[in-house]
Amino acid sequence: MSGWRRVEIYGTFVRVTGELELTGSDRFSDTVNRVGAFLHLRAARTEPLSVNYPVLSRAEPLVAVAKAAAILVCPLDDEREGNPAMWRHTVSLPASFNTAAFSMVGDVHLEPGQNLEDHLQRHPGDFLPVTNVSALWITSVGGDNQALQRPFALVNPATMLSFTLR
């Protein structure tokens, strides 16, 4: 069984939207965290986050996105997918994160008794699932700030400058 999910992937200055294939009983996070340096999207479009940042792109049938450059990966629907047997009991904790391009808050879901730093060290390279995400794009002091809110996003810990539980 497979399916396609509409996603948006945020980099420092651009957003790529398209469809990501989920296979079998994989959850969205399983697909993104799968081994490999790229995510492959079909029917993809690259757009600037600012009118002052030109992008010479059009809709493309297939695009490879470098995971290392992705800051946020967000599904564009609220579907819960995957095998319910893979779901684990977690504790929801409010947290804040800062990257070079985004300041954000949301809820991380950790195993009972685990802290965020331990989780990140135990799962190096895995994107961090965050719910109730509010993010502010902050590329310049007096510039073009944009806010976004998503029910769910995966944050690339390699892009984090700082984080804290609140």
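Residues numbered from 1 in each chain as written. Predicted model: local features only at pLDDT ≥ 70, side-chain atom pairs only at ≥ 80, totals over all residues. Heavy atoms only, no water.

## A short note on the overall build of the protein chain
Per the secondary structure count, the protein chain includes 2 helices and 10 strands. Helices (α) and strands (β) of the protein chain occur, in sequence order from the N terminus, as β-β-α-β-β-β-β-β-α-β-β-β. Each of the 166 residues in the protein chain was classed as buried or not, and the buried ones make up 38%. Nonlocal contacts in the protein chain, meaning residues at least 24 apart in sequence, comprise 62% of its contacts between residues at least 6 apart. Summed over its atoms, the accessible surface of the protein chain is roughly 9,100 Å², and 54% of this surface lies on carbon and sulfur atoms. (Helix = DSSP H or I, 4+ residues; strand = E, 2+ residues; numbered from the N terminus. Buried < 20%, exposed > 50% of the residue type's maximum accessible area, 1.4 Å probe, protein only. Contact = heavy atoms within 4.5 Å. Areas by Shrake-Rupley, 256 points an atom, 1.4 Å probe, with all protein chains shown as cover.)

## Re the packing of aromatic side chains
Across all of its chains, the model carries 2 aromatic pairs by this definition. Aromatic pair Y10 and F102: ring centres 5.9 Å apart, planes at 85°, arrangement edge-to-face. Separated by 92 residues along the polypeptide, Y10 in strand β1 (residues 2-10) and F102 in strand β7 (residues 102-110) bring together distant segments of the chain. This pair shows no difference in class: Y10 is buried, exactly as F102 is. When the centroid spacing of 6.2 Å and the interplanar angle of 75° are considered together, the rings of F28 and F152 count as edge-to-face. Of this pair, F28 sits in helix α1 (residues 28-33) while F152 sits in strand β9 (residues 146-155), and the two are 124 residues apart along the sequence. On the basis of relative accessible area, F28 is assigned to the buried category, the value being 2%. (Phe/Tyr/Trp six-rings, centres within 6.5 Å; stacked < 30°, edge-to-face > 60°.)

## Considering the environment of Q114
Among the structural elements, Q114 can be located in the loop between β7 and α2 (116-122). For Q114, a relative accessible area of 9% puts it in the buried group. With 24 residues separating them along the chain, Q114 and T90 place their C-alpha atoms 9.6 Å apart. Q114 has contacts with H119 and R122, leaving out every residue within four places of it along the chain.

## Some details on the pairing of strand β6 (residues 91-99)
On a regular strand, one side chain projects to one face of the sheet and the next to the other, so that they alternate. Pairing analysis gives 8 bridges linking β6 to β7, with the strands arranged antiparallel. Within β7, the residue paired with F97 across the bridge is M104. Counted between consecutive antiparallel strands, the loop separating β6 from β7 contains 2 residues. Sheet topology places β6 next to strand β10 (residues 160-165); 5 bridges connect them, and they run antiparallel. Bridging across to β10, S96 finds its partner in T164. (Pairing = 2+ DSSP bridges.)

## A short note on the pattern of salt bridges
Counted according to the given criterion, the structure contains 6 salt bridges. One salt bridge connects E8 with R150, and the closest N-O pair in it is separated by 2.3 Å. Of this pair, E8 sits in strand β1 while R150 sits in strand β9, and the two are 142 residues apart along the sequence. Ionic pairing is found between E47 and R15, a salt bridge with its closest N-O pair at 3.2 Å. With E47 in strand β3 (residues 38-48) and R15 in strand β2 (residues 14-23), this pair connects stretches of sequence that are 32 residues apart. (Salt bridge = Lys/Arg side-chain N within 4 Å of Asp/Glu carboxyl O.)

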